[in-house]
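Here is how the chains run, residue by residue.
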Amino acid sequence: MTSETDAFPAGFEWGTATAAHQIEGGNWNNDWWAWEHAPDTPCAEPSGDACDSWQRWEDDHALVSDLGLGGYRFSVEWSRIEPEEGEWSHAAVAHYRRQCEALRARGVEPTVTFHHFTTPRWVAAQGGWEDPATADRFAAFCGRLAGSLGDVIGRACTINEPNIVATMGWLLGLFPPGKSDRDLRLRVNDVFVDAHRKAVDAIRAAAPGVPVGLSLSMTEYQAVDGGEERRARMERAMEDVFLDATDGDDFLGVQVYTRQRLGPDGLLGPEAGVPVLPMGYEYWPQALEACLRRAWSVTAGRVPLLVTENGIGTDDDAQRMAYVETALRGVLGCLADGVDVRGYTYWSLLDNFEWALGYRPRFGLAAVDRQTFARTPKPSAAWFGSVARSNRLVPPPSTS
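Below is a short write-up of the structure. (Residues numbered from 1 in each chain as written. Predicted model: local features only at pLDDT ≥ 70, side-chain atom pairs only at ≥ 80, totals over all residues. Heavy atoms only, no water.)

1. Brief notes about the overall build of the chain
Reasoning step 1: Secondary structure assignment for the chain yields 13 helices and 11 strands.
Reasoning step 2: Its C-alpha radius of gyration of 20 Å places the chain within 12% of the 21 Å reference for a compact globule of 400 residues.
Reasoning step 3: On the principal axes, the C-alpha backbone points of the chain span a range of 55 × 50 × 40 Å.
Reasoning step 4: Taking contacts inside the chain between residues at least 6 apart in sequence as the whole, the part at least 24 apart equals 77%.
Reasoning step 5: Accessible area for the chain stands at about 15,100 Å²; split by element, carbon and sulfur atoms hold 50% of it.
Reasoning step 6: The average position of the 37 basic charges and that of the 56 acidic charges among the side chains of the chain differ by 1 Å. (Helix = DSSP H or I, 4+ residues; strand = E, 2+ residues; numbered from the N terminus. Rg over C-alpha atoms; globule rule 2.2 N^0.38 Å. Contact = heavy atoms within 4.5 Å. Areas by Shrake-Rupley, 256 points an atom, 1.4 Å probe, with all protein chains shown as cover. Lys, Arg positive; Asp, Glu negative; His and termini not counted. Charge placed at Lys NZ, Arg CZ, Asp CG, Glu CD.)

Here it is as structure tokens:
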């Protein structure tokens, strides 16, 4: 049964998301492709053809519109558009413009992310995100592209999860460039903050009226047995430095998957009795509500919130629906308490390339055949579409 308390506000935005390197295939000119093919790579497998979405993007759009979703968030690949410094691919820009126009023709709003984890090889060769000049290079890219796409973009995300890129690439060594240096990680954080602020200005100048914001990975950090100081330090380094940089933005994209428990000596492992997912972290859908409330609090309610990613990598589609239902109940709780949440975007539309873990984690509403690239919607897709079309939380179908 449903009730009025299960209803979302009029105009609440429902969508799903992908990223260029995870679905397009053949993105050989960026730092991630080089990383996947390095002799000592930590990657389980290379991205290869991915989901062949460079060719099959119309199939992806059909899935989105068939589900009745009003939004699709995807990223452009900087290394295709500017394959060498100052060399602009008008064909690549036209390709992305066709995607935006086709989405609009289907009644779907395109949210375009300008940087989603991958950086052109020529930028990496000049120091990448360690080099403060990269902020200016990125802003110039954003301004020029926004000038070409501004009339067809619905919303612009400057950078996807800069905190994850900095931490995984310069502290944990699992993303390119594979370093482990705390001081460098802090420098990279600063460059990303500068890049975001300059990109916001560049996009606004080139495409007035297009809402612009950042998408940030957030985690419900929980203190255990005296871990409060550790939690505060973690929140500051991973989240607050970026939350503080969103003042004046049109929205903040909140992206949440799980929690992390911290004791006085650092991170603790999963709690006994809590399921662990293929990504290696706990099944904890309650984290979305906690992180939305924290984002709203830290930013003092100055920036409207959008859930730009939330989902679960699992082979159990019933578990997927249960996860999303719990997460959405958390969104309803936030809305009831006056937190300004404007929409929910499920990650991901497709089972795709999950970075160092390869194709094993399956987040998609649709399965993708690794040989033929045929898309097959899962039961969770139909259920999520019914939620979006009715704009209320309806129970998942029984699987018993």
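2. Things to note about the side chain of R261
Reasoning step 1: When you line up the elements, R261 lands in strand β6 (residues 251–263).
Reasoning step 2: For the buried residue R261, which engages in no salt bridge, the nearest side chain bearing the opposite charge is E271, 4.2 Å off.
Reasoning step 3: Among the polar contacts listed, one links the side chain of R261 to the backbone oxygen of G269, at a separation of 2.7 Å.
Reasoning step 4: Aside from chain neighbours lying at most four places away, what touches R261 is Q222, V224, G266, L267, L268, G269, P270, E271 and E282. (Buried < 20%, exposed > 50% of the residue type's maximum accessible area, 1.4 Å probe, protein only. Salt bridge = Lys/Arg side-chain N within 4 Å of Asp/Glu carboxyl O. Polar contact = N/O pair within 3.5 Å; in protein donor to acceptor, adjacent residues only side chain to side chain.)

3. Some details on the packing of helix α7 (residues 133–149) against helix α9 (residues 182–206)
Reasoning step 1: Interaxial distance between α7 and α9 falls to 8 Å at its minimum, and their mutual angle equals 25°. Comparing their axes, α9 and α7 come out roughly parallel. The handedness of the crossing between α7 and α9 is right-handed. Residue-level contacts link A135, D136, F138, A139, C142, G143, A146 and G147 of α7 to V191, D194, A195, K198, A199, A202, I203 and A206 of α9.
Reasoning step 2: Residue classes in the contact of α7 with α9 are distributed as 11 nonpolar, 2 polar and 3 charged. (Axes fitted to C-alpha atoms, helices over the stretch in contact; angles between N-to-C directions. Parallel < 35°, antiparallel > 145°, perpendicular 65-115°, else oblique. Left-handed = near helix turned anticlockwise from the far one by under 90°. Nonpolar A, V, L, I, M, F, W, Y, C, P; charged D, E, K, R; others polar.)

4. So, the environment of I81
Reasoning step 1: When you line up the elements, I81 lands in helix α4 (residues 78–81).
Reasoning step 2: Not counting residues within four places of it along the chain, the set of residues in contact with I81 comprises V76, E87, W88, S89, A92, V93, Y96, F141 and L145.

5. Side note on the packing of aromatic side chains
Reasoning step 1: Within this structure, the stated rule accounts for 26 aromatic pairs.
Reasoning step 2: Every member of this aromatic cluster is reached through a ring pair, and the members are W78, W88, F114, W122, W129, F138, F141 and F192.
Reasoning step 3: Here the basic side chain of R259 rests over the ring of W284, its NZ or CZ set 3.7 Å away from the ring centre. (Phe/Tyr/Trp six-rings, centres within 6.5 Å; stacked < 30°, edge-to-face > 60°. Lys NZ or Arg CZ within 6 Å of the ring centre and 35° of its normal.)

6. Description of the environment of N163
Reasoning step 1: Secondary-structure assignment places N163 in helix α8 (residues 162–170).
Reasoning step 2: The class for N163 is buried, based on a relative accessible area of 1%.
Reasoning step 3: Once the C-alpha coordinates of N163 and L216 are considered, the two residues, 53 residues apart in sequence, prove to be 7.1 Å apart.
Reasoning step 4: Setting aside its immediate chain neighbours within four residues, N163 contacts L216, S217, M238 and F242.
Reasoning step 5: Reaching out from N163, the side chain makes a polar contact with the backbone oxygen of M238 at a distance of 2.9 Å.

7. Overview of the environment of P9
Reasoning step 1: On the secondary structure map, P9 appears in the segment before β1 (13–17).
Reasoning step 2: Residue classification places P9 among the partly exposed residues on the basis of a relative accessible area of 36%.
Reasoning step 3: Note: C-alpha distance between P9 and T219 (210 residues apart in sequence) is 25 Å.
Reasoning step 4: In contact with P9, other than residues within four places in its own chain, are L335 and N391.

8. Remarks on the state of the cysteines
Reasoning step 1: Scanning the entire structure with this criterion turns up 0 disulfides.
Reasoning step 2: Left without a disulfide partner, C100 is nearest to the cysteine sulfur of C157, which lies 13 Å away.
Reasoning step 3: Free cysteine: C157, not disulfide-bonded; nearest cysteine sulfur from C142 at 11 Å.
Reasoning step 4: Its relative accessible area of 0% is what places C157 among the buried residues. (Disulfide = S-S within 2.5 Å.)

9. Side note on helix α11 (residues 287–298)
Reasoning step 1: In a regular helix each residue adds 1.5 Å, so 12 residues correspond to 16 Å; α11 covers 16 Å between its end C-alpha atoms and thus fits that length.
Reasoning step 2: Contact partners of the buried residues in α11: β5 (212–223), α10 (228–243), β6, β8 (305–310), α12 (317–336) and β9 (341–347).
Reasoning step 3: Looking at the residues trailing α11, positive phi occurs at A300, about 55°. (Expected span 1.5 Å × (residues − 1).)

10. Some words on the nonpolar core
Reasoning step 1: The biggest cluster of nonpolar side chains holds 122 residues, and the ones touching the most others in it are W14, F114, F138, F141 and Y344.
Reasoning step 2: Sequence-distant contacts of F114, that is, excluding residues within four places in its chain, are made with V76, F138, F141, C142, L145, A146, I153, A156, C157, T158 and I203. (Core = buried A, V, L, I, M, F, W, Y, C linked by side-chain atoms within 4.5 Å.)

11. Describing α10
Reasoning step 1: Where α10 bends most, at R236, the angle is about 50°.
Reasoning step 2: All buried positions along α10 are accounted for by E235, M238, E239, D240, F242 and L243.
Reasoning step 3: Residues of α10 that are buried sit in contact with α8, α9, β5, β6 and α11. (Bend = angle between axes of the 7 residues up to and from the residue.)

12. Some points on the pairing of strand β3 (residues 109–115)
Reasoning step 1: Among the 7 residues that make up β3, 6 are buried, leaving the element largely enclosed by the rest of the structure.
Reasoning step 2: Pairing of strand β2 (residues 71–75) with β3 involves 5 bridges; the strand directions are parallel. If you follow S75 over to β3, its bridge partner there is T113.
Reasoning step 3: Inspection of the sheet shows β3 paired to strand β4 (residues 155–160) by 4 bridges, in the parallel sense. Within β4, the residue paired with H115 across the bridge is I159. (Pairing = 2+ DSSP bridges.)

13. With respect to the pattern of salt bridges
When charged atoms on two side chains of opposite charge get close, those side chains can pair.
Reasoning step 1: This model, assessed by the stated rule, comprises 29 salt bridges.
Reasoning step 2: Measuring nitrogen to oxygen at the nearest pair gives 3.3 Å for the salt bridge that ties R137 to D131.
Reasoning step 3: The class for R137 is buried, based on a relative accessible area of 16%.
Reasoning step 4: The closest approach of N and O atoms between R329 and E325, which form a salt bridge, is 3.9 Å. With a gap of 4 residues between them, R329 and E325 both fall in helix α12, about one helical turn apart.
Reasoning step 5: Its relative accessible area of 41% is what places R329 among the partly exposed residues.
Reasoning step 6: In this structure, a network of salt bridges that share partners links the residues E235, E239, D240 and R294.

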